[in-house]
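Structural overview for review
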Amino acid sequence: DLTTMEQLIAAENTPFQYSKERYAVYKDLTTMEQLIAAENTPFQYSWESEPSDTVMRRGKNQFGKSGDDLHFDVKHGIALVQDGHGGYLKASLMAARTPYRKGVQELIACGAIEVKEQAFADEAFKWIEQSGIDADRGGAVELPAWLAMAAKAQTQVLVNGMVEPISIVEAMKLPESHLWRAAVEKEVQGLMANGTWEEVDERDVARRGRTILPSRFVLKIKVKEVDGKMVLSKLKARLCAGGHRSRPGFDHFETAAFTASPTAVRTLLALAAASDDELVSYDVAQAYLIASVPEGQEIYMQLPELLGDGGVRAPHLYDGCGSGKGSGKVAKLKKQIYGLKDSGRRFGEVVMKFFDSLKKDGSSRVRSIVSDRMAYVWRWIDPVTGKEEVLRACLHVDDFLVSVSSPAIKAEFERRMASYFGEGRVTGGEPVDYHLGMRIERDRAKKTVKISQGGFVRKLLEDFGVQEGVKVKDSPLQGGVHLRKAPAGSEPVDHVNYMKLVGSLQWMAITCRPDVSFAAGLLGRYSQCPTDEHWKQAKWCLQYLAGTADLGITYHGSDEVLMDGYDHRNKLIAGVDSDLGGCHDTQKSTSGMVVMLNGGAVSWRSRRQTTLSNATTEAEQGGSVRLRSNYRPRQGQHESGLLG
């Protein structure tokens, strides 16, 4: 019915929806034969205002490209799996045959789907087995909605029934597209207000032979821990440049950037417990944008995609966000942006200059510790009381973890941060309860600080179908176990999930669970080809975590603990031990060491030695040598450390 170009342009930006006729037919299907028959039934498009997701058919889509993809309608429970290589089919079967895994369990729990009859699933498996399709060699099959959606859950994150999209195109096809559009608009408006780029003609840049970096939104569902579980916090969109396309020596130079080590963070917490200092956190909004592109350096980037419902270009829906991608313009960057190779380094330089600026008034001293460039100690003389106050800070990109000895130095620090980074750009200042995945619990009456990862552990247990508090173990590994590499030519058992589990254990061992450090290291040696025996010990470790989800490290400040036996307040106490030839594959020994401060561990390590030992004494001496090399005082370190 269109007769003018204006009508055609208007229609292009209008989303089409499938009619309710299709939903009415599909939702009542109970057998695979009915589903196959319905596939060949034509349906009409309609202008329904009710939002829905597209339900794709087999074969090629409207653009002539392969339709090997999975699209689903959460509201009506319709889905179609198409895969020419067996990927989705295998994932679907895995999710269905192991319903305790993430796929089915999360989808049912969040209410996105409802499994009404097991007969439907049994019918699906029966049809697959009789179809002659080889899942390993590929094939395209239609599956029940809950099986298809379980396959989708293997590659996507679901929080409170919401899917974390991998692109803005996918986000604009979800029922909550208006929430993602608001997050994108907020991000781009902030970039524009900051003067991050200026729009220039794309043809002029291409004519000069300059690289135009791609841009894309990274969309995240932010979660937080509430009552021991991870729940939805907010939706966040971050515009990133495709720094992987940049050329060294032209688009970037030095790229090394620094963050505070976990050891420095734990040391700060231990000292805060002993001194009863207040613990607060700060965040610098759009931190990388504070750093400017160096003079003489030209970096060009595609403008952000500004899409409407259905994934069509709609820059008019976004207030104050510029022309957008596809307008013939590109962005000439004036400020650093996330994704560039050297953005982290440039912002790190800004942070170092900020802390250098703290000593300009002549009444304060500030220094970073020798072993960690992003851990600072600031000593400031309160002009009212004349007393020296102390502030310690550990930085992880734009997140500041700070301990302060008085409200006066806290207020002065906040004033200087606002003056340096910009009014309204620095948020926080409240007592910290969560930092880099660690839960921080403070008991001022008992003078304790406890760090733990209960939420992370419970999520890990849920992913692997282990119930908390059931059949728990008393140790991370089975006593007397001796693992060996798989024989040559062996096939790995559930390789991807094994690596996921080992990676999670290693993350816990780095942060606040030294008790699983040895288990994580031992299991990690066999990540290339795990066997059933390796999996047995990995599941043993999961059952140990099922009984110790909230176990953590507690730092003390009371005299009752720190004066027990002798005064060990703010004193480092180290211990080291080693086995003899514990690795049966190499006959090498494994050393373990721990460094305590104020009643809790601040540093630890479990590592296989690099040389062979002939006696227990030799193995233990090797471990102690490594401990001394890690903690040998360097020149000036006693003056610059967090303890000083």
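1. Digging into the overall build of the chain
Secondary structure assignment for the chain yields 20 helices and 25 strands. Burial statistics for the chain: of 644 residues in total, 45% are counted as buried. Restricting the contact set of the chain to residue pairs at least 6 apart, pairs at least 24 apart contribute 69%. Roughly 32300 Å² of accessible area belongs to the chain as shown, and the carbon and sulfur atoms make up 50% of that amount.

2. What about the packing of helix α15 (residues 495-511) against helix α17 (residues 532-546)?
Direction vectors running N to C along α15 and α17 enclose 45°, while the axes themselves pass 11 Å from each other. The angle between α15 and α17 places the two elements in the oblique class. Where α15 crosses over α17, the two elements pack in a sense that is left-handed. For the pair α15 and α17, the contacting residues are Asn497, Tyr498, Leu501, Leu505 and Met508 in the first and His534, Trp535, Ala538, Cys541, Leu542 and Leu545 in the second. Residue composition of the contact of α15 with α17, by class: nine nonpolar, two polar and no charged.

3. Overview of the pairing of strand β24 (residues 590-597)
Strand direction decides the pairing type here: strand β23 (residues 572-578) and β24, joined by seven bridges, are antiparallel. Bridging across to β24, Ala574 finds its partner in Val595. Relative to strand β25 (residues 600-608), β24 runs antiparallel, the two being bridged by eight bridges. Paired with Gly592 across the bridge in β25 is Ser606. Joining the antiparallel neighbours β24 and β25 is a turn of two residues, in which Asn598 adopts a positive phi near 55°.

4. Considering the sheet that holds strand β15 (residues 372-381)
Taking strand neighbours across the sheet as the criterion, the six strands line up as β14-β15-β16-β17-β11-β18 in an open arrangement whose pairing is antiparallel. Of all strands in the sheet, those with a lone pairing partner are β14 (364-369) and β18 (426-431), marking the two edges. On average, each strand axis in the sheet is tilted by 20° relative to the strand beside it, whichever way the strands run.

5. Quick look at the nonpolar core
Core analysis: the biggest nonpolar cluster contains 58 residues, and Leu269, Phe355, Phe400, Val402, Phe413 and Phe421 have the highest contact counts within it. By residue number, the principal contributor to this core is helix α11 (residues 262-275), which donates eight residues. Leu219, Met301, Leu303 and Ala331 belong to the second-largest nonpolar core, a separate cluster that totals 31 residues.

6. Digging into the confidence of the model for the chain
Chain-level statistics for the chain give a pLDDT mean of 76 and a share of 70% at 70 or above. Mean pLDDT values over the elements of the chain span from 34, in strand β2 (residues 45-46), up to 95, in strand β22 (residues 553-556). Across residues 15-23 the pLDDT falls below 50, and counting only partners more than four positions away or on other chains, this stretch makes 29 contacts in the model. Note that residues 633-640 has pLDDT below 50 and, in this model, twelve contacts with residues that lie over four places away or in other chains.

Reading the values: the criteria
- Residues numbered from 1 in each chain as written.
- Predicted model: local features only at pLDDT ≥ 70, side-chain atom pairs only at ≥ 80, totals over all residues.
- Heavy atoms only, no water.
- Helix = DSSP H or I, 4+ residues; strand = E, 2+ residues; numbered from the N terminus.
- Buried < 20%, exposed > 50% of the residue type's maximum accessible area, 1.4 Å probe, protein only.
- Contact = heavy atoms within 4.5 Å.
- Areas by Shrake-Rupley, 256 points an atom, 1.4 Å probe, with all protein chains shown as cover.
- Axes fitted to C-alpha atoms, helices over the stretch in contact; angles between N-to-C directions.
- Parallel < 35°, antiparallel > 145°, perpendicular 65-115°, else oblique.
- Left-handed = near helix turned anticlockwise from the far one by under 90°.
- Nonpolar A, V, L, I, M, F, W, Y, C, P; charged D, E, K, R; others polar.
- Pairing = 2+ DSSP bridges.
- Core = buried A, V, L, I, M, F, W, Y, C linked by side-chain atoms within 4.5 Å.
- pLDDT = per-residue confidence, 0-100.

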